[in-house]
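# Coordinate inspection notes
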Amino acid sequence: MAPQRFREQFAQIQRSMPDVPLAIGPDDAGQFFYEKGVVLARDGEDARIVEDTVRQHFATFAGLPADRVERVSPETNRSGITRIRVADPGEGDGSGDPAVANALRALTATEGRAGRRLISRNHVVHIAVNACPGDEPVPVPASGQPNPAPAEGPHDPGTAVGVLVIDTGLMHDYRSYPPLAHTRGDAQVQECDEDGVLRQYCGHGTFIAGLVAAVAPHTEITVRNTLNDAGAVLESEFGEKLFEAVERDGWPDIISLSAGTANGRTDGLLGVDAFMEELRERHTLLVAAAGNNAGAMPFWPAAYATLPGYENAVLSVGALRSDGEYGACFTNHGPWVRVYAPGERLTGPLTGFDTPVPYVYQHSTYEECRYGFSYACTCSHPRHTGVLSEENGSAKPDQVMFEGLAQWSGTSFATPVVAGLIAAHMTAQAETDPRKARRQLLDAVTEFAEVRGARVPALLPPTWRPAPVVQPSARP
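Please read these numbers as outputs of a predicted model, since none were measured by experiment. (Residues numbered from 1 in each chain as written. Predicted model: local features only at pLDDT ≥ 70, side-chain atom pairs only at ≥ 80, totals over all residues. Heavy atoms only, no water.)

## Digging into the nonpolar core
Stated precisely, the cut-off is as follows: Nonpolar cores were defined as sets of buried Ala, Val, Leu, Ile, Met, Phe, Trp, Tyr and Cys residues, with membership established by side-chain atoms within 4.5 Å. Exposure categories follow from relative accessible area, calculated using a 1.4 Å probe and restricted to protein chains: below 20% of the type maximum is buried, above 50% is exposed, and the middle band is partly exposed. Elements are defined by DSSP. Helices are runs of H or I of four residues or more, strands are runs of E of two residues or more, and each kind is numbered from the N terminus. Any two residues having at least one pair of non-hydrogen atoms within 4.5 Å are treated as being in contact.
Of all hydrophobic cores here, the largest spans 103 residues; its most connected members are Ile254, Phe275, Met276, Tyr304, Val314, Val418 and Ile422. Element by element, the count of residues in this core is highest for helix 9 (residues 411–428), at nine residues. Ignoring sequence-local partners within four residues, the contact set of Tyr304 consists of Gly268, Leu269, Val272, Asp273, Met276, Tyr310 and Val314. Tyr34, Val54, Ala99 and Ala103 belong to the second-largest nonpolar core, a separate cluster that totals 21 residues.

## Describing the UniProt feature "active site" (unreviewed entry) in the protein
We count it as follows: UniProt positions are given in the numbering used here, feature names are shortened, and annotations may be inferred rather than shown by experiment.
According to UniProt, the "active site" (unreviewed entry) feature falls on Asp167, His204 and Ser412. Despite a sequence span of 246 residues, these residues sit close together in the fold, their greatest C-alpha distance being 9.8 Å. Tracing the chain through its elements places Asp167 in the loop between strand 7 (161–166) and strand 8 (183–185). A relative accessible area of 0% places Asp167 in the buried class. Non-local contacts of Asp167, meaning those with residues more than four positions away in its chain, are made with Ile127, His204, Gly205, Ile208, Arg224, Asn225, Thr226, Leu227, Asn228 and Ser258. Among the structural elements, Ser412 can be located in helix 9.

## Thoughts on the side chain of Asn263
Cut-off, in case you're wondering: In protein, a polar contact means a hydrogen-donor-capable atom and an acceptor-capable atom, both N or O and within 3.5 Å, with residues adjacent in sequence counting only if both atoms are side-chain atoms; elsewhere, any N or O pair within 3.5 Å suffices.
On the secondary structure map, Asn263 appears in the loop between strand 12 (261–262) and helix 7 (273–280). The exposure class assigned to Asn263 is buried, which follows from its relative accessible area of 6%. Separated by 3.0 Å, the side chain of Asn263 and the backbone nitrogen of Arg265 make a polar contact. Of note is the side chain of Asn263, whose polar atom sits 2.9 Å from the backbone oxygen of Gly268. Apart from residues no more than four positions distant in its own chain, Asn263 is found in contact with Phe32, Arg117, His123, Gly268, Leu269, Pro298 and Trp300.

## Quick look at the pairing of strand 13 (residues 285–289)
Walk down a regular strand and you will see the side chains alternate between the two sheet faces. How we decide: By the convention used here, strands pair only if DSSP detects at least 2 bridges between them.
Along strand 13, five of the five residues are buried, which leaves the element largely enclosed by surrounding structure. The alternating pattern of strand 13 places Leu285, Val287 and Ala289 on one face and Leu286 and Ala288 on the opposite face, and all of these are buried. Summarising the sheet, strand 11 (residues 254–257) and strand 13 pair through four bridges and their orientation is parallel. Its bridge partner being in strand 13, Ile254 is matched across the sheet by Leu285. Summarising the sheet, strand 13 and strand 15 (residues 314–320) pair through four bridges and their orientation is parallel. Note on strand 15: the bridge partner recorded for Val287 is Leu315.

## Structural notes on helix 5 (residues 204–215)
Here is the rule: Here the expected span of a helix is defined as 1.5 Å times the quantity of residues minus one.
Over its twelve residues, helix 5 runs 17 Å from end to end, which matches the ideal 16 Å to within 8%, given 1.5 Å per residue. His204, Gly205, Thr206, Phe207, Ile208, Ala209, Gly210, Leu211, Val212, Ala213, Ala214 and Val215 are the residues of helix 5 that are buried.

## A look at the sheet that holds strand 20 (residues 404–408)
To be explicit about the condition: Lines are fitted to the C-alpha atoms to define the axes, a helix being fitted only along its stretch in contact, and any angle between axes, read from their N-to-C directions, falls within 0 to 180 degrees.
Taken together, three strands build an open sheet; the order of strands is 6-20-17 and the sheet is antiparallel. Both edges of this open sheet fall to strand 6 (138–139) and strand 17 (346–351), since each of them pairs with a single strand only. In this structure, strand 17 lies alongside strand 20, joined through five bridges in antiparallel fashion. From the neighbouring strand, Thr347 faces strand 20, where its bridge partner is Gln407. Packed on one face of the sheet, helix 5 meets strand 17 and strand 20 and runs near 130 degrees to strand 17.

## Here we look at the pairing of strand 2 (residues 32–42)
Of all eleven residues in strand 2, ten are buried; the element is thus mostly enclosed. Pairing of strand 1 (residues 22–25) with strand 2, which is carried by four bridges, proceeds in the antiparallel orientation. Considered in strand 2, the bridge of Ile24 is made with Phe33. One ladder, built from three bridges, connects strand 2 with strand 5 (residues 120–126); its direction is antiparallel. Bridging from a neighbouring strand, Tyr34 pairs with His123 of strand 5.

## Quick notes on helix 9
Between its terminal C-alpha atoms helix 9 stretches 26 Å, which fits the 26 Å expected from 18 residues at 1.5 Å a residue. In terms of burial, helix 9 is a largely internal element, 15 of the 18 residues being buried. Phi for Ala430, located one or two positions after helix 9, is positive at around 50 degrees.

## Here's the deal with the environment of Thr427
Positionally, Thr427 belongs in helix 9. Along the chain, Thr427 and Asn102 lie 325 residues apart, while their C-alpha atoms are 53 Å from each other. Ignoring sequence-local partners within four residues, the contact set of Thr427 consists of Val161 and His218.

## Re unusual backbone geometry
Between Gly25 and the following residue, Pro26, the backbone shows a cis peptide bond with an omega angle of -10 degrees. In the segment running from Asn147 into Pro148, the intervening peptide bond is cis, with an omega of 5 degrees. Summarising the element assignment, Pro148 is placed in the loop between strand 6 and strand 7. Within the chain, Gln190 stands out as a residue other than glycine whose phi angle is a positive 50 degrees. Relative accessible area serves as the criterion here: at 46%, Gln190 is assigned to the partly exposed category. At Arg452, a position not held by glycine, the phi torsion is positive, near 55 degrees. Residue placement: Arg452 occurs in the loop between strand 21 (447–451) and strand 22 (454–458).

## Observations regarding the packing of helix 6 (residues 235–249) against helix 7
Definition in use: In a left-handed crossing the near helix is turned counterclockwise from the far helix by less than a right angle, and in a right-handed crossing that turn is clockwise. The nonpolar class holds Ala, Val, Leu, Ile, Met, Phe, Trp, Tyr, Cys and Pro. Asp, Glu, Lys and Arg form the charged class, and all remaining residues, Gly among them, are polar.
Where helix 6 meets helix 7, the closest approach of the two axes is 8 Å, and the angle between their N-to-C directions is 35 degrees. Once helix 6 is placed against helix 7, the crossing between them reads as left-handed. Contacts from Leu242, Phe243 and Val246 in helix 6 reach Ala274, Phe275 and Glu278 in helix 7. Of the residues in the contact of helix 6 with helix 7, the class split is five nonpolar, no polar and one charged.

See below:
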């Protein structure tokens, strides 16, 4: 059974994508979300093999209607992926999807003979796949200061490092925050709901751009609202949207991506394979979040960092807690996570610079860390009650007001910190190759942290201020 917070997140994403029936997988275990009744295959011969094999299996072994198996996308696509419907997505609920499970099973022997994957679920790529830490986000008083603080340095548009942030769009008042003077891009679509309350994840892209700008002022930052639907997009659309993002202004030096999904595999994400192959041949460095699942399962596309041929093209980033000495409770971990950076209670721009904006928490915090850690982590502090918990009969959810700055946690935010550090290194060393800058920066690492008993490299911005970790016994 999927954890309660994961099921709450599922309900929230389903509301944001009402026309796409979703399920929790695999088999309701709570590792990822995916589109019901649909599988993915590569365009061309692979798609034909999948169609024919699934039809035969349904008719011969599974007792499922074979006539429902059909392509529901063009035969060729920019992302190289074809959607194949194998059942009516509207049947049943989100707790199971026997048609997709049987379709995957049908290709097992064929994939074994081919030595490669032929079929995949259509996963949901999301900026917080297993629910953000409990206090996301927290208002900071107007007198508060960003952390990391904005670094000083000149800015020359002709030599600035190009950073592309693929996330939610920019808030309408983002230019009221001076460090974002050299930032442009897509606007956030519908910042507030009909009651004037800030929608969840609105401001996420602005916050990320603020972190990049703070760490690396000599940058030209472009923000694309690729993840505008509550931070979620189907895998089948994600590859296409990535291509669109880089082709609008040309391939940048660095891409900062704070989204992804697990898929239970170790060989990549089918829907982005074409994009990743193109990335490998470019000069661009993809800096990607390792995810907030507190697990070791590869999270894509960050985990491409350990696949042959992608080691220099992708850098996967985990999150450190507020003191920088240990991993944050929520961070994914394992050998596929290449570096860690501060990612707990960072402070940056959100919205409300012109006029304070209300926000209502979606989730309640926990009585204690849901991952078993003993420090006062973001699962349980500060205390508040959320909308989804109110639906289950608890107290009225808390409402807060944002006046510009916010405090937020996640590998989502460790990622732009690292992207900024690489950009800053490029500027300081007059290095024009972001992949060389990545290697140079990692080779020169002098700081290390402990994550699940492992000693891992840590990148700490010079202007970042660590905060002491409070143990439960020391809480007021």
